[in-house]
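Structural overview
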Amino acid sequence: MEEPGRPVRSVPVGRAGVEVGRSPQCGVQIGDPKASAQHCWIGMSNSGRMMVEDKQSTNGTKRNGRKIVRAGLSETDTVEIGDTRLRIALKNKPRQ
């Protein structure tokens, strides 16, 4: 994860997923002023595919530069929350 003015960090995401946002209650807290308190969720779908879902954030969530509501993620994708970038790195490939 790349946040302006902060060191790059890795964030593991378990099968249940993780909420991302400014709130301390989020599993991944970010300081980006363009992020909502509970901005988005990243985790595995029932079929085993990595997903991102916007949680009705004020400024939206982007995958590879395009605004999404819910979208699948692959190894080459970048999730954008304001000026924060989350690059996806899958340890296990999703089931087909």
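The structure we're discussing is the one just above.
Here goes a summary of the coordinates provided.

Rules used throughout
Residues numbered from 1 in each chain as written. Predicted model: local features only at pLDDT ≥ 70, side-chain atom pairs only at ≥ 80, totals over all residues. Heavy atoms only, no water. Helix = DSSP H or I, 4+ residues; strand = E, 2+ residues; numbered from the N terminus. Polar contact = N/O pair within 3.5 Å; in protein donor to acceptor, adjacent residues only side chain to side chain. Contact = heavy atoms within 4.5 Å. Salt bridge = Lys/Arg side-chain N within 4 Å of Asp/Glu carboxyl O. Buried < 20%, exposed > 50% of the residue type's maximum accessible area, 1.4 Å probe, protein only. Pairing = 2+ DSSP bridges. Axes fitted to C-alpha atoms, helices over the stretch in contact; angles between N-to-C directions. Core = buried A, V, L, I, M, F, W, Y, C linked by side-chain atoms within 4.5 Å.

**Points about the side chain of E3**
Assignment of secondary structure puts E3 in the segment before β1 (18-21). There is a polar contact of 3.2 Å between the side chain of E3 and the side chain of R9. In contact with E3, not counting residues within four places along its chain, are R9, Q29, I30, G31, D32 and T84.

**Notes on the pattern of salt bridges**
Summed over all chains, the structure comprises 5 salt bridges. Between R9 and E3 there is a salt bridge; the shortest N-O distance is 3.2 Å. Given the relative accessible area of 33%, R9 is considered partly exposed. A relative accessible area of 7% means that E3 is categorised as buried. Its salt-bridge partner being D83, residue K34 comes within 3.4 Å of it at the nearest N-O pair. Of this pair, K34 sits in the loop between β2 (28-29) and β3 (40-44) while D83 is found in the loop between β8 (78-81) and β9 (84-87), placing the two residues 49 residues apart along the sequence. According to the relative accessible area criterion, K34 is partly exposed, its value standing at 39%. D83 sits in the partly exposed class, given a relative accessible area of 39%.

**Looking at the sheet that holds strand β6 (residues 66-68)**
Read from one edge to the other, the open sheet built from 4 strands follows the order β6-β5-β8-β9, with strand pairing classed as antiparallel. The two strands at the open ends of the sheet, each matched to only one other strand, are β6 and β9. Across this sheet, the average inter-strand angle for adjacent strands is 35°, counted without regard to direction. Bridge analysis of β8 against β9 gives 4 bridges, and the strand direction is antiparallel. Paired with V79 across the two strands is L86, which belongs to β9.

**A look at the pairing of strand β4 (residues 50-54)**
Among the 5 residues that make up β4, 4 are buried, leaving the element largely enclosed by the rest of the structure. Sheet analysis places β3 next to β4, joined by 5 bridges and oriented antiparallel. What sits directly across from I42, in β4, is V52. Linking β3 back to β4 in an antiparallel pair, the connection comprises 5 residues, with G48 at a positive phi of about 95°. Pairing of β4 with strand β7 (residues 70-72), which is carried by 3 bridges, proceeds in the antiparallel orientation. In the sheet register, E53 faces β7, and the bridge partner there is R70.

**Things to note about the nonpolar core**
The tendency in soluble globular proteins is for nonpolar side chains to be buried side by side. V20, I30, I42, V52, L73, V79 and I81 are the most contacted members of the largest nonpolar core, which has 17 residues in total. With residues near it in sequence (within four places) discarded, V79 still touches V52, T61, K62, L73, T84, R85, L86 and I88.

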